[in-house]
2 protein chains.
Amino acid sequence: MSLGHPAETAPPPPYSVYSESCPTRLVLDRLADKWVTLILVRLAEGPRRFNELRRGIEGVSQKVLSQTLKRLERDGLIVRRAFPTVPVTVEYSITPLGRTLAETVQALARWAEAHIEAVMAAQAAYDAQIGAQASRATT
Amino acid sequence: MSLGHPAETAPPPPYSVYSESCPTRLVLDRLADKWVTLILVRLAEGPRRFNELRRGIEGVSQKVLSQTLKRLERDGLIVRRAFPTVPVTVEYSITPLGRTLAETVQALARWAEAHIEAVMAAQAAYDAQIGAQASRATT
DNA sequence: CTGAATCCCGAACGATACTG
DNA sequence: CAGTATCGTTCGGGATTCAG
């Protein structure tokens with residue numbers, strides 16, 4: 001029992017997002033993308049076609065949407081299915097893994113919508129304070 | 001009753017992260033930052049000094065950390081306190097508002113640490129598939 | 001319709017040096 | 001210790017064009 005087959009119950013790897021070399025950093029960096037959150041939440045609602053997504057997410061360019069979808073597919077978070085119609089039809093849908101993440105990022109979007117006013121108020125107060133300091137400095 | 005004072009019970013503003021012009025986009029964009037998540041979670045653990053944060057978050061440069069902290073302070077998510085010691089001591093701490101967000105982003109970090117292996121497996125499978133397609137194309 | 005490829009610019013970042 | 005300032009560089013991302 002002391003040596004040999006080390007697989008089975010390997011010690012839980014000490015993944016930490018605070019280690020620069022930790023692969024979890026890659027995941028966080030992936031999520032640190034303007035569009036990933038929006039795409040995941042959209043696809044969590046149901047399958048979408050390319051231009052359907054594009055229209056539903058204002059401001060995203062075709063290039064960036066394409067790139068982002070490809071990365072998400074590579075990460076196993078979404079699935080791409082092409083139908084040999086004319087013209088070709090492509091449908092994106094979320095995977096079970098992606099769905100678990102979508103629920104988390106959805107909370108982020110909800111937080112943003114819920115606390116936006118508090119944030120904007122804080123910004124206004126901060127800017128006013130800075131403005132006061134600036135004029136005091138020039139006086 | 002038909003016209004006049006429209007204030008009181010204004011219709012709930014239809015904030016949506018999917019509208020390009022919606023201010024919630026700004027918040028999402030702010031969160032879409034490699035370091036914001038890490039900083040917020042760190043400060044949720046307790047107050048930290050500047051270089052303490054810097055050391056605790058591998059890979060962040062002093063410049064970027066400074067910028068990010070300033071933005072977070074402006075958003076009302078963290079508070080900066082300077083003590084007139086020699087040399088000067090600065091302490092950053094999280095606000096109640098920031099704490100509500102920290103709990104959400106903490107879920108993200110936990111997701112990353114929990115599902116990193118599934119993601120890496122998906123990436124490997126995807127890359128193998130692409131490699132197969134590539135060699136098939138050249139054949 | 002769904003992308004891939006190209007060009008191009010501004011924002012962001014790292015490194016360094018300097019200040020209080 | 002806790003930043004700010006400047007510089008040089010990289011890189012993401014928008015607009016456009018081409019292809020299956």
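These notes cover the structure that comes with them. (Residues numbered from 1 in each chain as written. Chains lettered and ligands numbered in written order. Predicted model: local features only at pLDDT ≥ 70, side-chain atom pairs only at ≥ 80, totals over all residues. Heavy atoms only, no water.)

**A look at the sheet that holds strand 2 (residues 78–83) of chain A**
All names here are of chain A. The strand order 1-3-2 describes an open sheet built from three strands, whose pairing is antiparallel. In the strand order of this sheet, the two ends are held by strand 1 (48–49) and strand 2, each with one partner. Pairing of strand 2 with strand 3 (residues 89–94), which is carried by six bridges, proceeds in the antiparallel orientation. The partner of arginine 81 across the bridge, within strand 3, is glutamate 91. Along the sheet, helix 2 (residues 34–45) contacts strand 1, strand 2 and strand 3; its crossing angle with strand 3, the most-contacted strand, is approximately 95 degrees. (Pairing = 2+ DSSP bridges. Helix = DSSP H or I, 4+ residues; strand = E, 2+ residues; numbered from the N terminus. Contact = heavy atoms within 4.5 Å. Axes fitted to C-alpha atoms, helices over the stretch in contact; angles between N-to-C directions.)

**Let's talk about the packing of aromatic side chains**
The relation between two aromatic rings is expressed through the spacing of the ring centres and the mutual angle of the planes. Counted by the stated rule, this structure contains zero aromatic pairs over all chains. The residue whose ring lies beneath arginine 42 of chain A is tyrosine 18 of chain B, and the NZ or CZ to ring-centre distance is 3.6 Å. (Phe/Tyr/Trp six-rings, centres within 6.5 Å; stacked < 30°, edge-to-face > 60°. Lys NZ or Arg CZ within 6 Å of the ring centre and 35° of its normal.)

**Digging into the sheet that holds strand 2 (residues 78–83) of chain B**
Residues and elements named next belong to chain B. Reading across from one edge, 1-3-2 is the order of the three strands in this open sheet, with antiparallel pairing throughout. In this open sheet, the two edge strands, each paired with only one partner strand, are strand 1 (48–49) and strand 2. Along the sheet face, helix 2 (residues 34–45) touches strand 1, strand 2 and strand 3 (89–94) and points at about 95 degrees away from the line of strand 3.

**Considerations on the interface of chain B and chain A**
Between chain B and chain A, the contact holds 54 residues from the first and 54 residues from the second. The junction of chain B with chain A conceals about 4,800 Å² of combined surface from both sides, 67% of it contributed by carbon and sulfur atoms. Sorting the residues of chain B by area buried against chain A places Tyr18, Arg74 and Trp111 of chain B first, and these three jointly supply 17% of that buried surface. Across the chain B-chain A interface, the total number found is two salt bridges. Where chain B touches chain A, the interface holds 21 residue pairs in polar contact (both at pLDDT 80 or more). Only helix 1 (24–31), helix 2, helix 4 (62–74) and helix 5 (96–138) of chain B provide two or more residues apiece to the side of chain B that touches chain A. (Buried area = accessible area lost by both parts, 1.4 Å probe. Salt bridge = Lys/Arg side-chain N within 4 Å of Asp/Glu carboxyl O. Polar contact = N/O pair within 3.5 Å; in protein donor to acceptor, adjacent residues only side chain to side chain.)

**Details of the relation of the copies chain B and chain A**
There are two copies of the chain, and a rotation about an axis plus a shift along that axis relates them. Take chain B, turn it by 180 degrees, move it 0.0 Å along the axis, and it overlays chain A with an RMSD of 0.1 Å. In the structure described here, the two chain copies are related by an operation that fits a two-fold rotation axis. No C-alpha of chain B lies nearer the rotation axis than that of alanine 32 of chain B, which sits 2.0 Å from it. Of the residues that chain B buries at the interface, 100% are likewise interface residues in chain A, meaning the two copies contact each other through the same surface. (Least-squares fit on C-alpha atoms with pLDDT ≥ 70 in both.)

**Considering helix 1 (residues 24–31) of chain A**
The set of residues buried in helix 1 of chain A consists of Thr24, Arg25, Val27, Leu28 and Leu31 of chain A. Viewed end-on, helix 1 of chain A has its buried residues packed into an arc of 160 degrees, placing them on one side of the element. (Buried < 20%, exposed > 50% of the residue type's maximum accessible area, 1.4 Å probe, protein only. Arc of directions from axis to C-beta.)

**Some thoughts on the protein's contact with DNA strand D**
Around DNA strand D, the surrounding shell holds 17 residues, and the nearest of these are Lys63 of chain A together with Gln62, Lys70, Arg80 and Tyr92 of chain B. Here, DNA strand D places atoms within 4 Å of the protein, and 57% of those atoms are sugar or phosphate. With respect to DNA strand D, the side chain of lysine 70 of chain B contributes an N or O atom lying 2.8 Å from a phosphate oxygen. One of the side-chain nitrogen or oxygen atoms of arginine 80 of chain B is found 2.8 Å away from a phosphate oxygen of DNA strand D. Of all the elements in the fold, those that place two or more residues in the surface near DNA strand D are helix 4 (62–74) of chain A together with helix 3 (50–56), helix 4 and strand 3 of chain B. (Near = heavy atom within 4 Å.)

**Quick look at the pattern of salt bridges**
Tallying each qualifying case throughout the model produces ten salt bridges over all chains. One salt bridge in this structure joins aspartate 33 of chain A and arginine 71 of chain A, with 3.4 Å as the shortest N-O distance. Here the residue aspartate 33 of chain A occupies a position in the loop between helix 1 and helix 2, and arginine 71 of chain A occupies one in helix 4, the gap between them amounting to 38 residues. Residue class for aspartate 33 of chain A comes out buried when judged on its relative accessible area of 15%. For arginine 71 of chain A, a relative accessible area of 32% gives the class partly exposed. Between glutamate 45 of chain B and arginine 42 of chain B there is a salt bridge, with its nearest N and O atoms 3.6 Å apart. Here arginine 42 of chain B and glutamate 45 of chain B lie together in helix 2, a separation of three residues that amounts to about one turn. Looking at glutamate 45 of chain B, the relative accessible area reads 46%, which means it is partly exposed. Linked through salt bridges whose partners overlap, the residues forming this network are Arg42, Glu45 and Arg48 of chain A.

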